[in-house]
Each structure stands twice: as structure tokens, then as C-alpha cells.
Amino acid sequence: MDDQADEIWDIEITSQNDLFDLKLKDIWHYRDLLVLLVRRDFVSFYKQTILGPLWFLIQPIFTTVIYTFVFGNLASIPTDGLPQPLFYLAGITSWNYFADCLTKTSIVFTANSALFGKVYFPRLIVPLSIVVSNLIRFGIQMLLFLLMMAIYWFKGASFHPNAWLLLFPLLLLLMALLGLGLGMIFSAMTTKYRDLSFLLTFGIQLMMYLTTVIYPLSVVESKYPSYKWLVEYNPMTSIIEAFRYGFLGQGTFTMLSLGITSVITLLTLLIGIIIFNRVERTFIDTV
């Protein structure tokens, strides 16, 4: 009896959790589950497809071709003197990772309600697994982008990678945390209001047009200065502009704008964690 009384438990499950608790210790204990979820997300999504992981490459290639034809040739939107495919692919690669993290995290509770209702594990593992599994897709698309850079480099295209590309790990972290934070906020809200999932799908498309994916910030500043704030205050704008500037040598960003984006991202993540931790206690009664 004394041995049982003195026993120290590795994990204690209680309904009284701190809203700010990240449960990092629990996540470390369940790290094997995180790996399994990442593998599940990667394998199951393409298991019954003919082309499999090739869709990682097909989607950005076709999107780049369409953007080049529509926005580059028909609409004649400038690309800061950069080759159009490189310009669009840089924006598409960055935007896809953020958008995938956001949309897939936003349905965590509704998509995993059966699993959550049967067994305990740190719920935060599921959105984390989404961010990590999407990182694999992002890595493959980055290789495509670098290959495209090499092709245009040998063709003599004018672009200039520079030391600012060392910001790439920070930019990647900001994209992941921003998508994770916003996704957790929406995942908590969609447990009661399912319409928000449809609104998010529509909103993601609108948000893309308010981000410098298909046009540079310099065009907005010169031709539409009264609307500049709509694009400039979008956190993804400074990330994409910094990404292009580092890898291609063209872009409009400052360390101040990137600092503001970092603050917005951290606040969004904090709010997302608070709401996520609060909803996970009772969501099973509403889903």
C-alpha cells in the first residue's frame, strides 16, 4: 500500500487544466503517436490515387501555368521584372503550406470526434501532426521551386538570391504557427457553428487575393495606394514578400513589417491555444 501511495504517475488526466498549458510533457510522452498520425495523413490521402505523391508537384505546376497565362499574359500584371513562373511559384508554394495548415486544422474536432471520444491523448497532437505532414508536401514543392530557379539561372534569367534567404526558417515557422493558430480558433468555433467551415473555404480564396501571391506589393503601392493597407496588413504578405526577396532578389518588405507579422502570429497562436484548450473539455457534447 505504501508503495502504491508513493507511486509517481507519468501522466495525470484531470478536467481542471490550465488554458495556457501546452501539455508539452504529455506531447513528448505521445511522440510516437505524433509520428503515426503524420504517417497516416501522408499515406491515407494518396493511398487510392493513381499518381500518388506526384499530386504534390502537379498541383503547383498547373496552378503556375494558369496564373502565368491569366494574370501574367492576359491581365499583364507586372512581376517586379522576375520570370513569371518563378514569381507565381514562389507565392503558390508559400500560400499552399499556410492554407493547408489552416483548413485541415480547422476541422480537427469534427473530423476526429469518434477518436477523441474513445481514448485519451493530448488533443494538440492532432493539429501538430497536420502541420508536420504538410511540411512534407511543402518540402517537395520547395524542391520544385529550387529546380525551377536552377533552370532559369542557366537560361540567364535576371534574379539575384541573397543573404536574406537565411530568414527562410523563420518564414516557414511563421507560416506554420499562423496557420496552426487560426486553424485552432476555427476548429473550436465549428464545433457549434458548422457554417463556419463553408465560410472558411470561401474566405481562404478571398484572403489569397488580398495577399501578394499573384501580384507584387509594389504594384499596389504605385497603382492602388488607397487599398495598400488591405494587402500590407495581411500577415502573409510580408512573409511572401520576404520569401521572394531572399530567393529571387525582388520584393517589398522591411524588418518592421516582418516583426509586426511575428507579433500577430504569436498572438493568434496564443488565442488559438486558449480557445482550443477550453473547447476540448466539452466539445464531445456538441459535435
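Predicted model only: the values in this text are computed from it and were never measured.

(A) View of the overall build of the chain. Tallying secondary structure elements over the chain gives 14 helices and 0 strands in all. Helices and strands in the chain line up, N terminus first, as α-α-α-α-α-α-α-α-α-α-α-α-α-α. Expressed as a percentage of its 287 residues, the buried residues of the chain come to 44%. Taking all contacts inside the chain whose residues are at least 6 apart in sequence as the whole, residues at least 24 apart take part in 80%.

(B) Molecular detail of the environment of Pro127. Tracing the backbone shows Pro127 in helix α8 (residues 125–154). Residues within four places of Pro127 in sequence aside, it is in contact with Thr105, Val108, Leu180, Met184 and Phe276.

(C) Spatial organisation of the pattern of salt bridges. Within this structure, the stated rule accounts for 4 salt bridges. As a salt-bridge pair, Lys228 and Glu232 come within 3.8 Å of each other at their nearest N and O atoms. Taken together, the residues span about one helical turn, with Lys228 and Glu232 both in helix α12 (residues 228–232) at a distance of 4 residues. For Lys228, a relative accessible area of 24% puts it in the partly exposed group. Take Glu232: its relative accessible area is 34%, and that puts it in the partly exposed class. For Glu241, the salt bridge identified is with Arg244, shortest N-O distance 3.6 Å.

(D) Representation of helix α10 (residues 195–209) in the model. The end-to-end C-alpha distance of α10, which contains 15 residues, comes to 22 Å, matching closely the 21 Å that a straight helix rising 1.5 Å per residue would cover. Taken residue by residue, α10 has Leu196, Leu200, Ile204 and Met208 as its buried positions.

(E) Examining the side chain of Thr64 more closely. The residue Thr64 is located in helix α4 (residues 55–74) in this model. Once residues lying within four places of it in the same chain are set aside, the contact partners of Thr64 are Pro85, Tyr88, Leu89 and Ile92.

(F) Local environment of the packing of aromatic side chains. Here the structure, examined in full by the defined rule, presents 14 aromatic pairs. Centre to centre, the rings of Tyr67 and Phe71 are 5.3 Å apart; their planes meet at 75°, and the pair counts as edge-to-face. Placement of the pair is Tyr67 and Phe71 together in helix α4, with a separation of 4 residues, close to one helical turn. Overall, Phe71 belongs to the buried group, its relative accessible area being 16%. Centre to centre, the rings of Phe168 and Phe247 are 5.7 Å apart; their planes meet at 90°, and the pair counts as edge-to-face. A residue pair is termed long-range when its members are at least 10 positions apart, and Phe168 in helix α9 (residues 168–189) and Phe247 in helix α13 (residues 235–248) qualify at 79 residues. Among the aromatic residues, those joined into a cluster by ring pairs are Tyr97, Phe138, Phe145, Phe168, Phe243 and Phe247.

(G) Spatial organisation of unusual backbone geometry. Notably, Ser76 is not glycine yet its phi reads approximately 55°, a positive angle. You can see Ser76 is positioned in the loop between α4 and α5 (84–105). Residue Asp80 is not a glycine yet carries a positive backbone phi of 60°. Along the chain, Asp80 falls in the loop between α4 and α5. For Asp80, a relative accessible area of 23% gives the class partly exposed.

(H) Focus on the confidence of the model for the chain. With 85% of its residues at a pLDDT of 70 or more, the chain has an overall mean of 83. Across the chain, α13 holds the top mean pLDDT of 95, while helix α1 (residues 2–5) sits lowest at 48.

(I) Summary view of the packing of α5 against α13. Relative to each other, α5 and α13 sit at 135°, their axes nearing to 10 Å. When the axes of α5 and α13 are compared, the pair comes out oblique. Handedness of the crossing formed by α5 with α13: right-handed. On the side of α5, the interface is formed by Leu86, Phe87, Ala90, Gly91, Ser94, Trp95 and Phe98, while α13 contributes Met236, Ile240, Phe243, Arg244 and Leu248. Among the residues forming the contact of α5 with α13, the class breakdown is 9 nonpolar, 2 polar and 1 charged.

(J) Molecular detail of the side chain of Thr261. Mapped onto the secondary structure, Thr261 falls in helix α14 (residues 255–279). Setting aside chain neighbours within four positions, we find Thr261 in contact with Leu174, Pro235, Ser238 and Ile239.

About the thresholds
- Residues numbered from 1 in each chain as written.
- Predicted model: local features only at pLDDT ≥ 70, side-chain atom pairs only at ≥ 80, totals over all residues.
- Heavy atoms only, no water.
- Helix = DSSP H or I, 4+ residues; strand = E, 2+ residues; numbered from the N terminus.
- Buried < 20%, exposed > 50% of the residue type's maximum accessible area, 1.4 Å probe, protein only.
- Contact = heavy atoms within 4.5 Å.
- Salt bridge = Lys/Arg side-chain N within 4 Å of Asp/Glu carboxyl O.
- Expected span 1.5 Å × (residues − 1).
- Phe/Tyr/Trp six-rings, centres within 6.5 Å; stacked < 30°, edge-to-face > 60°.
- pLDDT = per-residue confidence, 0-100.
- Axes fitted to C-alpha atoms, helices over the stretch in contact; angles between N-to-C directions.
- Parallel < 35°, antiparallel > 145°, perpendicular 65-115°, else oblique.
- Left-handed = near helix turned anticlockwise from the far one by under 90°.
- Nonpolar A, V, L, I, M, F, W, Y, C, P; charged D, E, K, R; others polar.

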